[in-house]
Amino acid sequence: MKLLFLPFLALVLLGCQMISAGNQSSLLDVKLIGVWTGEYLEEGGTLKRWRQTRNADGTYVIEFSFTEKDETARDFTESGRWWIKDGLFHEIALPEKGHPDKYRYSFKKKDCVSFVLVESEGFAEEEDSYVFNECLEADSPPANFSNSI
């Protein structure tokens, strides 16, 4: 009887470990898929505007436009991966830097989401040091999994 119990116990423990590991995996929040716009005015007067496309395959592209106080403008694009883990939004630019930026997020109004930076470059941020909103502009195009990052 003891010989039957040990393999059964081993299977149960292995199954529990697999379930636990499955719960730790990264997910996507489908409410965040789409084309989002936002802006943020820095203390120094720089106005940051962006248009971000978050795809269902976990990739993103952001088109930034920064306008300085003297009206000097610069535009650039960033791409990378995004996911949700432990209730936080994670985003990492490619080529992958060391650590993803992590944000708390919540939907305050229909089609608008608020982000609060929690961690950047692997370091904890001051509470409410970087808070911004994005609003949904359009649904994203269908995912193309063959060309994923």
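Counting restarts for each chain: residues are numbered from 1 in the order of the written sequence. Selection of residues for local features in this predicted model requires a pLDDT of at least 70, selection of side-chain atom pairs for listing and counting requires 80 or more, and totals for whole chains, interfaces and linings are taken over all residues. Water and hydrogen atoms were dropped before computing side-chain values, which therefore reflect all heavy atoms in the structure.

Visitor: What exactly am I supposed to notice about the overall build of the chain here?
Guide: Numbering of helices and strands runs from the N terminus, with a helix taken as a DSSP run of H or I at least four residues long and a strand as a DSSP run of E at least two residues long. Summing up its helical and strand segments, the chain has one helix and nine strands in all. Reading the secondary structure of the chain in the N-to-C direction produces α-β-β-β-β-β-β-β-β-β. Scored against the burial criterion, the 149 residues of the chain give a buried share of 34%. Note on contacts: a residue pair is in contact if any heavy atoms of the two residues lie within 4.5 Å. Contacts spanning at least 24 positions in sequence make up 37% of the contacts within the chain whose residues lie at least 6 apart. Per element, the accessible surface of the chain, about 9900 Å² overall, is 57% carbon and sulfur. Think of it in three bands: residues with accessible area under 20% of the maximum for their type are buried, residues over 50% are exposed, and the middle band is partly exposed, with areas taken using a 1.4 Å probe on protein chains only. Accessible surface is estimated by sampling points in the Shrake-Rupley manner with a 1.4 Å probe; for residues, cover comes only from the protein chains shown.

Visitor: Help me understand the environment of Cys135 in this model?
Guide: Within the secondary structure, Cys135 sits in strand E9 (residues 131-138). For the pair Cys135 and Lys110, spaced 25 residues apart in sequence, the C-alpha separation works out to 8.7 Å. Contacts of Cys135, omitting those with residues within four sequence positions, involve Val35, Trp36, Thr37, Asp111 and Cys112.

Visitor: Help me understand the nonpolar core in this model?
Guide: Nonpolar side chains in soluble globular proteins tend to be buried together. Among the nonpolar cores identified, the biggest contains 20 residues, and Leu32, Phe89 and Phe115 are the most heavily contacted of them. Looking at this core, the elements that each hand over two or more residues are strand E1 (34-41), strand E3 (59-67), strand E4 (73-85), strand E5 (88-93), strand E6 (101-109) and strand E7 (112-120). Counting residues per element, this core draws most heavily on E3, at four residues. Apart from residues lying up to four places away in sequence, Phe115 is in contact with Leu32, Arg54, Phe89, Tyr103, Arg104, Tyr105, Tyr130, Val131, Phe132 and Glu134. Buried residues of nine kinds, namely Ala, Val, Leu, Ile, Met, Phe, Trp, Tyr and Cys, make up a nonpolar core once their side-chain atoms join them within 4.5 Å.

Visitor: Any chance you could explain the pattern of salt bridges here in plain terms?
Guide: For this analysis, a salt bridge means a side-chain nitrogen from Lys or Arg found within 4 Å of a carboxyl oxygen belonging to Asp or Glu. Considering all chains together, one arrives at seven salt bridges under this definition. A salt bridge links Asp29 to Lys31; its shortest N-O distance comes to 3.7 Å. One salt bridge in this structure joins Arg54 and Glu134, with 2.5 Å as the shortest N-O distance. Remark: Glu134 occurs in strand E9 and Arg54 occurs in strand E2 (residues 47-54); sequence separation between them is 80 residues. Each member of the pair, Arg54 as well as Glu134, carries the same accessibility label: buried.

Visitor: Quick question: what am I supposed to make of the pairing of E3 here?
Guide: Across eight bridges, the pairing between E2 and E3 is antiparallel. Bridged to Trp50 within E3 is Phe64. Following DSSP output, two strands are said to pair if at least two bridges run between them. Counting the residues between successive antiparallel strands, the hairpin from E2 to E3 contains four residues, one of them, Gly58, with a positive phi of roughly 85°. Pairing of E3 with E4, which is carried by nine bridges, proceeds in the antiparallel orientation. In the sheet register, Val61 faces E4, and the bridge partner there is Ser79. Here E3 folds back onto E4, and the loop between the two strands holds five residues, one of which, Glu71, carries a positive phi near 75°.

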